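Architecture at a glance
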Amino acid sequence: MDLAARVGLRLRELREAQDLSLSELARRSAIGKGTLSELEGGRRNPTLETLYALTTALNVPLSTALHGLALPAEISGRAVDAVLTERFEDASAVTETYRIRIRGGTTQESAAHSPGTTEHIVVLAGTARVGSLSAPVSIGPGMHGSWAADVPHLYQAPFGDVEALLVVRHPQ
């Protein structure tokens, strides 16, 4: 079974576990019902943006949709390529670790995640602009930063590709 089929099956399981109709999840996530149906049926490849919209609407971390896939699980969006390298869960939080690439000259605006979610980045190469939409900061090689991810935030690579490690912490 390919990635699209496995992720689609997982999305359907998550939706049904919350007793949500396809229409209700489509409404909550602002993803078209037809698109959602194609995703769940494994007939469409999910993007990073689509998976974040759906998992946020389901109030679960992104890695929950990738659960059961062989690590590393790779997912791409308009500006960011992410590889899930680790998921750690305890009573207080789910913590995800990603190896990311922000493609040069691109910007990714991310919607707010669930309340209390934080993101932490360590830049390996390049210079990233990250953080809240209203106050992003520049972070260069060897530097790190963090921000509240329960508000709209961005990833930007204004001067070329950025390689980084991203840790996302979702309180339970």
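If you're wondering where the values come from, they're calculated on a predicted model, not measured in any experiment.

1. Here's the deal with the overall build of the protein
Helices and strands together make up the secondary structure of the protein, namely five helices and ten strands. For 172 residues, the compact-globule estimate of 2.2 N^0.38 gives 16 Å, and the C-alpha radius of gyration of the protein, at 16 Å, lies within 12% of that figure. In terms of overall dimensions, the protein has C-alpha extents of about 45 × 30 × 30 Å along its principal axes. Residues counted as buried form 45% of the 172 residues belonging to the protein. If you take every contact in the protein between residues at least 6 apart in sequence, the share linking residues at least 24 apart comes to 64%. Positive and negative side-chain charges in the protein, numbering 16 and 19 respectively, have mean positions lying 4 Å apart.

2. Observations regarding the pattern of salt bridges
In total, this model carries ten salt bridges according to the counting rule given. With a shortest N-O distance of 3.4 Å, Arg10 and Glu13 are connected by a salt bridge. Here Arg10 and its partner Glu13 are both found in helix H1 (residues 3-17), three residues apart, which amounts to about one turn of the helix. Exposure remark for Arg10: the relative accessible area of 18% places this residue in the buried category. Accessibility expressed as a relative area gives 38% for Glu13, which makes it partly exposed.

3. Brief notes about the UniProt feature "domain: HTH cro/C1-type" (unreviewed entry) in the protein
Here, UniProt's "domain: HTH cro/C1-type" (unreviewed entry) annotation points to residues 11-65. The straight-line gap between the two end C-alpha atoms of residues 11-65 is 6 Å; of that span, 67% is helix and 0% is strand.

4. Some words on the layout of surface pockets
For the largest pocket, the calculated volume is near 300 Å³. Forming the boundary of the largest pocket are 21 residues, of which Leu48, Glu49, Tyr52, Ser110 and Ala111 lie nearest the centre. With six residues, helix H4 (residues 48-57) is the single largest residue contributor to the lining of the largest pocket. Along the lines of polarity and charge, the residues of the lining of the largest pocket split into 13 nonpolar, four polar and four charged.

What counts, and where the lines are drawn
- Residues numbered from 1 in each chain as written.
- Predicted model: local features only at pLDDT ≥ 70, side-chain atom pairs only at ≥ 80, totals over all residues.
- Heavy atoms only, no water.
- Helix = DSSP H or I, 4+ residues; strand = E, 2+ residues; numbered from the N terminus.
- Rg over C-alpha atoms; globule rule 2.2 N^0.38 Å.
- Buried < 20%, exposed > 50% of the residue type's maximum accessible area, 1.4 Å probe, protein only.
- Contact = heavy atoms within 4.5 Å.
- Lys, Arg positive; Asp, Glu negative; His and termini not counted.
- Charge placed at Lys NZ, Arg CZ, Asp CG, Glu CD.
- Salt bridge = Lys/Arg side-chain N within 4 Å of Asp/Glu carboxyl O.
- UniProt positions renumbered as here; feature names shortened; annotations may be inferred.
- 1 Å grid on protein atoms, 1.4 Å probe; cavity = no way out; pocket = protein on both sides within 12 Å on 5 of 7 lines; lining within 4 Å.
- Points joined across faces, edges and corners; volume = space filled by probe spheres on them.
- Nonpolar A, V, L, I, M, F, W, Y, C, P; charged D, E, K, R; others polar.

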